[in-house]
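Here are the chains, one letter per residue:
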Amino acid sequence: MPGGVNSPARAFGGVGGKPVVIQRGAGAWLYDIDGNRYIDYIGSWGPMILGHAHPVVTEAIECAARLGTSFGAPTVAENEMAELIIDLVPSVEKVRLVNSGTEATMSAIRLARGFTGRDRIVKFAGNYHGHVDSLLVAAGSSAATLSVPNSPGVTAGTSQDTLILRYNDPDGLREAFDQHGQSIAAIILEPVVGNMGCVLPTAEFLAAARQLTQRHGSLLIFDEVMTGFRVALGGAQSLFGVTPDLTTLGKIVGGGLPIAAYGGRADVMDHVLPAGRVFQAGTLSGNPLATAAGIATLRLLRDDPPYARLERLGARLELGLHRAAEQAGIPHHVARTGSMMTFFFNSCPVTDWDVASRSDTARYGRYFWHLLDQGVYMPCSQYEALFISAAHGDAEIDQTIQAAQAAFASC
Ligand SMILES: *Cc1c(COP(=O)(O)O)cnc(C)c1O
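Basis of the calculations
Residues numbered from 1 in each chain as written. Predicted model: local features only at pLDDT ≥ 70, side-chain atom pairs only at ≥ 80, totals over all residues. Heavy atoms only, no water. Helix = DSSP H or I, 4+ residues; strand = E, 2+ residues; numbered from the N terminus. Rg over C-alpha atoms; globule rule 2.2 N^0.38 Å. Buried < 20%, exposed > 50% of the residue type's maximum accessible area, 1.4 Å probe, protein only. Contact = heavy atoms within 4.5 Å. Areas by Shrake-Rupley, 256 points an atom, 1.4 Å probe, with all protein chains shown as cover. Lys, Arg positive; Asp, Glu negative; His and termini not counted. Charge placed at Lys NZ, Arg CZ, Asp CG, Glu CD. Pairing = 2+ DSSP bridges. Right-handed = clockwise from strand over helix to strand, strands pointing away. Near = heavy atom within 4 Å. Polar contact = N/O pair within 3.5 Å; in protein donor to acceptor, adjacent residues only side chain to side chain. Domains from an automatic or database assignment. Buried area = accessible area lost by both parts, 1.4 Å probe. Salt bridge = Lys/Arg side-chain N within 4 Å of Asp/Glu carboxyl O.

1. Here we look at the overall build of the chain
- What the chain contains, in helices and strands, is 14 helices and 14 strands.
- Relative to the compact-globule value of 22 Å for 411 residues, the chain shows a C-alpha radius of gyration of 21 Å, a close match.
- Taking the principal axes of its C-alpha atoms as reference, the chain extends roughly 60 × 55 × 40 Å.
- Evaluated residue by residue, the chain yields a buried proportion of 55% over its 411 residues.
- Put simply, 72% of the contacts in the chain that link residues at least 6 apart link residues at least 24 apart.
- Of the roughly 16700 Å² of accessible surface on the chain, a fraction of 52% belongs to carbon and sulfur atoms.
- The average position of the 30 basic charges and that of the 38 acidic charges among the side chains of the chain differ by 1 Å.

Below, the structure is given as structure tokens:
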């Protein structure tokens, strides 16, 4: 495998050294093949909000597997899954299931272009929307970590219709719409960014994105692949009270299996084939194992919402890390929404990619290794958010803070 991995973020390129190889996970813990165990803060980069190998989710997958793993024909489970998403996510009136977040964003921008008859897409520096060619510019996370903001193989022609703007800059957005409003099909954004580290939006920024798209006949797409069912049961859109036209979902929606979705206004979604003419298809879309895991996960989140508890645990970890860093005299900024957080080795509040990119990544690497040696598995890049799961408890949080105190003392 290139670089030894199937996805670049796993290769520890942002912190140096060799990745550990995982054997299994249970609750808040990861176990490697050498017999070490770690408190897990990556949660498979977002999906595992219920912790690893949750018994109810595992049981649902086992039951589904016995009935056949793929049919390529409609099932009841797909309908249950669609109903759950429509019930839980405010903007979603109709939804299409796909297999990955990348597919969801790719399909959503195709739909936005097909619906509006326009070409241009606005995206923000440091926002990642999967490895869709036209969105793989200034794309944060793995790309930023490995210093390839623009991938070879993405042609100038493909990316020429993508306008890159600064996150949290309503004036820049206004200027872009003054100049190009007639040709902008959609704005796509992470309503809380996870992919340049955790960066929170300002209310003015989200309001400007909503108003400008409405005024100019463009669509607003919230990429909630990371924030959906994470920052709140109804995603960031329910948290901030801003309703986009289209929403992309992934990660948690599949409960650890490969499923994702895009959905939104019924009149827009009705442009997707076979209701409309915008092509999008998938052999394994709505796969029975994936829908079983997704349904089980969403029902657990709906019937026993962990969000108040996750907020409490997140606040506890934030305060602990902040105090420990202050004691050690380490310049830092901690950004957090609920159970999604980044400790930036950066003396400035991080509001956009320009500020984020000035973080002390070498120091982050030393911090990461100190923690790993003490059994705490943080994201292997300064530019990835950490996640707390419902399986974490005060004991894990406090053990993490203690390990961080030791790490700060010598990093
Ligand atoms: C992870 C992520 C994606 C890509 O999802 P994949 O399933 O990895 O293709 C897209 N957008 C956001 C915001 C993400 O965090």
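2. Remarks on the pairing of strand E8 (residues 219-223)
- Counting buried positions along E8 yields 5 of 5 residues, so the element is predominantly enclosed.
- Of the pairings in the sheet, the one linking strand E7 (residues 184-189) to E8 comprises 4 bridges and is parallel in character. Pairing of Ile187 across the sheet is with Leu220, part of E8.
- Pairing analysis gives 3 bridges linking E8 to strand E9 (residues 246-249), with the strands arranged parallel. The residue of E9 that forms the bridge with Ile221 is Leu246.
- A crossover connection joins E8 to the parallel E9 through helix H8 (residues 235-240); in handedness this β-α-β unit is right-handed.

3. Details of the site of the ligand
- By nearness alone, every residue bordering the ligand is listed as Ser100, Gly101, Thr102, Tyr128, His129, Gly130, Glu190, Asn195, Asp223, Val225, Met226 and Lys251.
- With respect to the ligand, the side chain of Thr102 contributes an N or O atom lying 2.6 Å from an oxygen atom.
- Note that a nitrogen atom of the ligand is positioned 3.3 Å from one of the backbone N or O atoms of Tyr128.
- Relative to its unbound accessible area of 380 Å², the ligand is 83% covered by the protein chains.

4. Things to note about the domain arrangement of the chain
- Here the chain is partitioned into domain 1 (55-303) and domain 2 (306-389 + 397-410).
- One C-alpha centre belongs to domain 1, the other to domain 2, and the line joining them spans 27 Å.
- Contact residues are listed per partner, giving 27 residues for domain 1 and 23 residues for domain 2.
- The contact between domain 1 and domain 2 buries some 1900 Å² in all, and 61% of this surface belongs to carbon and sulfur atoms.
- It is Met196, Cys198 and Arg230 in domain 1 that bury the most area against domain 2; as a group they hold 33% of the surface buried on that side.
- For the interface between domain 1 and domain 2, the tally reads 2 salt bridges.

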